[in-house]
Amino acid sequence: MTSLILASASPRRLALLHQLGYAPEVIATDVDESPRPGESPDTLALRLAHGKGLAAATARPEAVILAADTVVALGDRTFGKPCDYEEAVRMYTVLGGVWHQVHTAVAVLHRGRVDQRLCSSAVRLRPLSSAEMRSYWDTGEPVDKAGAYAVQGIGAVFVSGLQGSYSGVMGLPLFETAEMLAACGLSPPCLSGHP
């Protein structure tokens, strides 16, 4: 049986894979997530997913490696994980009341081949009050999230619209992921009829 490696320490990505019945081994990878000059947000997501996959593949070349990266953007401006409360406030101020993009790239590496997909969705946050920004930050949820919010958590109360893939906005588009893994002989166990 071919083993599946998740090249990510994200508990959300792991939970989404568990939802499909996969039980991957987790290998956290460390890549520089800084955008290159002139690099578009979607290209950045694709490059980072590929880079994370390559980093894990060197340790386990026989396995199927799944890597992903999510970039929140407004036009060509990217919004990573906030380094502190003040940066989160700046993000909420810019993103509140406008549609922005969430690009999640998935890379699957297996037997020297790389399959990549990009899932882009649009999200609209309602404007947040100063008190809401402070209260939300104090929950701890925004700290490690691109754009400083989590659509699947408390942050959902601020999401006034979403067009595209809900799981993609969470960090792993399940439709694309299941197709890519099935192409490597790893169809979703939840659909196999076995526990």
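Look up a bit, the structure's there.
Counting starts from 1 at the beginning of each chain's written sequence and moves along it residue by residue. It should be noted that, the model being predicted, local features are given only for residues of pLDDT at least 70 and side-chain atom pairs only at 80 or more, the latter also being counted only at that level, while totals for whole chains, interfaces and linings use all residues. In computing side-chain values, all of the structure's heavy atoms are included and hydrogens and water are not.

A. Summary view of the overall build of the chain. Within the chain, the regular secondary structure consists of six helices and seven strands. Its helices and strands taken in sequence order, the chain reads β-α-β-α-β-β-α-β-β-α-β-α-α from the N to the C terminus. Its C-alpha atoms give the chain a radius of gyration of 17 Å, near enough to 16 Å, the size a compact globule of 195 residues would have. For the chain, the spread of C-alpha atoms along the three principal axes comes to 50 × 40 × 25 Å. Exposed residues in this analysis have more than 50% of their type's maximum accessible area, buried residues have under 20%, and partly exposed residues fall in between, with area computed by a 1.4 Å probe over protein chains only. When each of the 195 residues of the chain is scored for burial, the buried share is 47%. Here, two residues are considered to be in contact whenever any of their heavy atoms come within 4.5 Å of each other. Residue pairs in contact within the chain that sit at least 24 positions apart in sequence constitute 67% of those at least 6 positions apart. Areas reported here follow the Shrake-Rupley algorithm with a probe of radius 1.4 Å; residue values treat only the protein chains shown as occluding. Roughly 9,300 Å² of accessible area belongs to the chain as shown, and the carbon and sulfur atoms make up 55% of that amount. Positive charges come from Lys and Arg alone, negative charges from Asp and Glu alone, with His and the N- and C-terminal ends not counted. Taken as the charge location is NZ of Lys, CZ of Arg, CG of Asp or CD of Glu. When the 16 positive and 19 negative side-chain charges of the chain are each reduced to one mean point, those points stand 2 Å apart. In this description a helix means any DSSP run of H or I spanning at least four residues, a strand means any run of E spanning at least two, and both kinds are numbered starting from the N terminus. As defined in this context, the radius of gyration uses C-alpha atoms, and a globule is described by 2.2 Å times the residue total to the power 0.38.

B. Spatial organisation of the packing of aromatic side chains. Paired rings are identified among Phe, Tyr and Trp, the last through its six-membered ring, by centres lying within 6.5 Å, and are further divided according to the angle between planes into stacked (under 30 degrees), edge-to-face (over 60) and tilted (the rest). The final tally for this structure, using the stated rule, is three aromatic pairs. Here the aromatic rings of Tyr 92 and Tyr 136 are separated by 6.2 Å at their centres, their planes lie at 40°, and the arrangement is tilted. Here the residue Tyr 92 occupies a position in helix H3 (residues 85–95), and Tyr 136 occupies one in helix H4 (residues 130–138), the gap between them amounting to 44 residues. Residue classification places Tyr 92 among the buried positions, given a relative accessible area of 2%.

C. How the structure looks around the side chain of Ser 121. Position of Ser 121 among the secondary structure elements: in strand E6 (residues 113–125). Of the residues examined, Ser 121 reaches a relative accessible area of 4% and is grouped as buried. Polar contact is defined as a pair of N or O atoms within 3.5 Å, subject to the rule that within protein one atom must be able to donate a hydrogen and the other to accept it, and that residues adjacent in sequence are counted only when both atoms are side-chain atoms. Engagement of the side chain of Ser 121 in a polar contact is seen with the backbone nitrogen of Ser 165, the distance being 2.9 Å. Discounting residues that sit within four places of it in the chain, Ser 121 has contacts with His 100, Gln 101, Val 102, Gln 163, Gly 164, Ser 165 and Val 169.

D. Representation of the pattern of salt bridges within the structure. One speaks of a salt bridge when a side-chain nitrogen belonging to Lys or Arg is within 4 Å of a carboxyl oxygen belonging to Asp or Glu. What the rule picks out here adds up to 11 salt bridges. Residue Glu 25 pairs with Arg 60 through a salt bridge whose shortest N-O separation is 2.4 Å. Highlighted residues: Glu 25 in strand E2 (residues 25–26) and Arg 60 in the loop between helix H2 (41–57) and strand E3 (64–74), separated in sequence by 35 residues. Residue classification places Glu 25 among the partly exposed residues on the basis of a relative accessible area of 37%. The salt bridge partner of Glu 33 is Lys 52, with a shortest N-O separation of 3.7 Å. Note that Glu 33 is positioned in the loop between E2 and H2 and Lys 52 in helix H2, a separation of 19 residues in sequence. One connected set of salt bridges, linked through shared partners, spans Arg 12, Asp 144 and Lys 145.

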